[in-house]
Amino acid sequence: MMELFLTVFSAAFFVTVIRTTTPLLLATLGGLIADLGGALNVALEGMMLIGCLTAVIVSVYAPWYVAVLAGLGAGALLGLIMAFFAFRLKADIILVGFAINILAAGGTVFALALATGGDKGTSINLQSKAIPAVDLSFLSGIPVVGPTLSAFLSGHSVLSWLAAILVFAVWYFLYRTPWGLWLRGVGEYPAAPEAAGIPVNKIRTWSLIVSGALAGLGGAQLAMFNYVGFTRDMTAGRGFIALGAVLLGARHPVGALLAALLFGAFEALAVVMPGLFNDIPAELIRAIPFVVTIAALVLFSIRAQRALALRGVK
Amino acid sequence: MSTLPAIDRSSRFKTMRREVGRALGALVIALLVAFVVVLLTSKAPFEALNVLLTQPLSRPRTIGLWIDDIAKLTVTGLAFSLVFQARQFAMGVQGQVYIGALAATYVALSPLGASWAGIPLGIAAAMLAGAFYGFIPGIAKAKLGANEIVSSLMLNYIAIELCNYLVRANLPKPQAGVLTTNDFPDSAVFPTLVANTRIDLSIIFALVAVVLVWFALYRTSWGLKLRLVGHNARFAEYSGIKATFIMVSAMTASGALGGLLGSMFVQGQTYGKLTVLFEGGLAFEGILVAIVARSRPLAVPIVAIFYAYLRQGAQLMNIRTDVPAEVIGIVTAIIILLVSSSYSLNFITRLFRRGPAASAAPAAAGGAAK
């Protein structure tokens, strides 16, 4: 037990938590934007997965930032497809989302087999690149707090910093710009903005495109930093956990950050625990993030119901 | 007096014809897209297409595989149909399959499995376990408002990890290190109906399930209430139907079907034992079956016949040509997208005339093939 405490309060563990949180946070922000626009984006999982593979394959031929942009673009394109079928062709958005997930699960393996010449498991024989870590070791020059500061802040992916900025950017967009107000209005009660002459479907389409782009970015982080290379089904439910994180974070960007950190911390625990406790089976440790998601969802729902009861709504 | 049912029948026939036309149209479009993808990637595209479309019928063995898939796809399609009819998007069939399979395995490998009770008890245990697993997201939604999509998906992953763990650490194995259990005793494995094929009792169970689900949905008051809740939950609530009870019971019944599918997997001729990750993504393909069948139980097996054929064709194509079986994922996705949307054949022609917007559907395949 002592070792666990020492591990959890170390700088290395903090860096691990940030690493595991980043893809989740990006996907959660994506889910949040779609959710506030009134569409539950169940395709986050598939968008992340396709983002992963696109980023890995592009990174073989291009610099890392092009690969990251390609992952982002793939996600955005999927968002556009989703919007086209859901809003133009009036399909149920949840079914469209699952169609994208099925496309991603099969399509990525298919494309991987083509890209690697038959390997359906991993992209291990592709020379894919990694996103560079931001080195802030010069901070250790600061007296007293320097070394600690450097240990905690150094070594994060560029996208981790971007994700932190994005939390603020999304907050600013949602609560300080007219478009954010429109988006929230469209999600809350579409008839009102429609009557006010706001292009409801256009806003929803953009919210899905941005949502997909963020999920694709999360995929790029997953396949170019957390792991370098693609493995089939490597997102392993992160997109669905992100959906839970949106709800748990009370549909607010800061809440999304906290929820993503919570799930990221449990995923990081699942990473370090097998080394510490040999007697706890690895499978059960891997199930922790999913159990926590259900527990968090249930607890949050109880709280939300209490709040409704307090307001006298049944 | 006699005209009313006649009108009813003729309009029903018209609707059916339209639905069938839409489904076939979607199938053709999806296959065309898949063919373009194969054409771009394969060295022998025409051979691949030939294998996909004709080979499942080539031998008794492959026909057996096809029928086995029909049985399984029918049951998962029914499970999704039940919850879709109540407009619940519970996605937990995969988890129920694993939990049901675990329950069936514990029965089959116990002393009971070696007796005549191996099959009935195994199925009963699997259905009970699956029903319980379907009940959890239902009750969490009814009592707490917890989103059933997220909770059921999480339960899927938990069930898979639990199955991995129990197979590795708890269940008896032929030798250390393998990730399969001992073979079940013969008395716990479904007998074959046709010798030397995989055609076993599963197909009978699937057909019984079709009739039972149809009867429950269209000939009982529970089914009427369930469909009413699906159409308009608030109206159902106003008319005195306990909508939450209906939701929970629909998810529980669907869970029992998921559990049955689990037992069909491990007790069927295909495995006759439990191995990790045995399900291979089949459970989620029930979404396609349910959507194309418009959640009608009697249409489910018909859709399953077509889809199982494609699925087997893709497997054979994977073995005999250079095209991976996963290309079928693209077909599945396009069919779901088209059938669940308001596309009609006129709409497609209009789209093509307009030009740029039409690129969206092929772009789906293009995005994946990148």
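Computed from a predicted model, the values in this text were never measured in an experiment.

Analysis parameters
Residues numbered from 1 in each chain as written. Chains lettered and ligands numbered in written order. Predicted model: local features only at pLDDT ≥ 70, side-chain atom pairs only at ≥ 80, totals over all residues. Contact = placed C-beta atoms within 7 Å. Helix = DSSP H or I, 4+ residues; strand = E, 2+ residues; numbered from the N terminus. Nonpolar A, V, L, I, M, F, W, Y, C, P; charged D, E, K, R; others polar. Expected span 1.5 Å × (residues − 1). Buried ≥ 20, exposed ≤ 12 C-beta atoms within 10 Å, placed from the backbone. Axes fitted to C-alpha atoms, helices over the stretch in contact; angles between N-to-C directions. Parallel < 35°, antiparallel > 145°, perpendicular 65-115°, else oblique. Left-handed = near helix turned anticlockwise from the far one by under 90°. Core = buried A, V, L, I, M, F, W, Y, C linked by C-beta atoms within 7 Å.

Asks: Can you break down the interface of chain A and chain B residue by residue, with the values?
Replies: The interface is formed by 52 residues belonging to chain A together with 43 residues belonging to chain B. Of all the elements in the fold, those that place two or more residues in the side of chain A that touches chain B are α3 (44-61), α4 (64-88), α5 (93-116), α11 (238-248) and α13 (282-310) of chain A. Top contributing element to the side of chain A that touches chain B by residue count: α5(A), with 17 residues. For the side of chain A that touches chain B, the residue count by class is 38 nonpolar, nine polar and five charged.

Asks: Any chance you could break down helix α10 (residues 243-267) of chain B for me, citing the residues and the numbers?
Replies: Owing to its 3.6 residues per turn, the α-helix brings residues three or four apart onto one side. Across its 25 residues, α10(B) extends 36 Å between first and last C-alpha, which sits within 8% of the 36 Å expected from 1.5 Å per residue. Burial analysis of α10(B) places 22 of its 25 residues in the buried class, which makes it a mostly covered element.

Asks: Quick rundown of the packing of α11(A) against helix α12 (residues 253-276) of chain A? Include the residues and the values.
Replies: All names here are of chain A. At a closest axis distance of 8 Å, the pairing of α11 and α12 adopts a crossing angle of 135 degrees. Looking at the two axes, α11 sits oblique to α12. Two packed elements cross with a definite hand, and for α11 against α12 that hand is right-handed. Between α11 and α12, the residues in contact are I241, A245, V246 and L248 and A256, A259, A260 and F263, respectively. In terms of residue class, the contact of α11 with α12 is made up of eight nonpolar, no polar and no charged.

Asks: Residues and numbers for the packing of helix α5 (residues 118-144) of chain B against helix α6 (residues 148-169) of chain B, please.
Replies: Geometrically, a packed helix pair is captured by the angle between its two axes and the distance between the axes. Residue and element names in this part refer to chain B. Following both chains from N to C, one finds α5 and α6 inclined at 150 degrees, their axes separated by 9 Å at the closest point. By the angle class used here, α5 and α6 are roughly antiparallel. By crossing handedness, the relation of α5 to α6 is classed as right-handed. Contacts between α5 and α6 involve Y133, I136, P137, A140 and K141 from the first element and E148, S151, S152, L155 and A159 from the second. Residue classes in the contact of α5 with α6 are distributed as six nonpolar, two polar and two charged.

Asks: Mind laying out the nonpolar core, listing which residues take part and the relevant values?
Replies: Membership of the largest hydrophobic core comes to 230 residues, with the highest contact counts inside it found for B:L260 and B:I336. A total of 16 residues in this core trace back to one element, the largest contributor, which is α5(A). Residues in contact with B:I336, not counting those within four places in the same chain, are A:L95, A:A99, A:I102, B:I287, B:L288 and B:I291.

Asks: Quick rundown of the environment of A:G38? Include the residues and the values.
Replies: Residue and element names in this part refer to chain A. With respect to the helices, strands and loops of the structure, G38 is situated in the loop between α2 (11-36) and α3. Separated by 146 residues in the primary sequence, G38 and R184 have C-alpha atoms spaced 8.2 Å apart. In this structure, G38 is in contact with V186, G187, P190 and R204, ignoring residues within four places of it in sequence.

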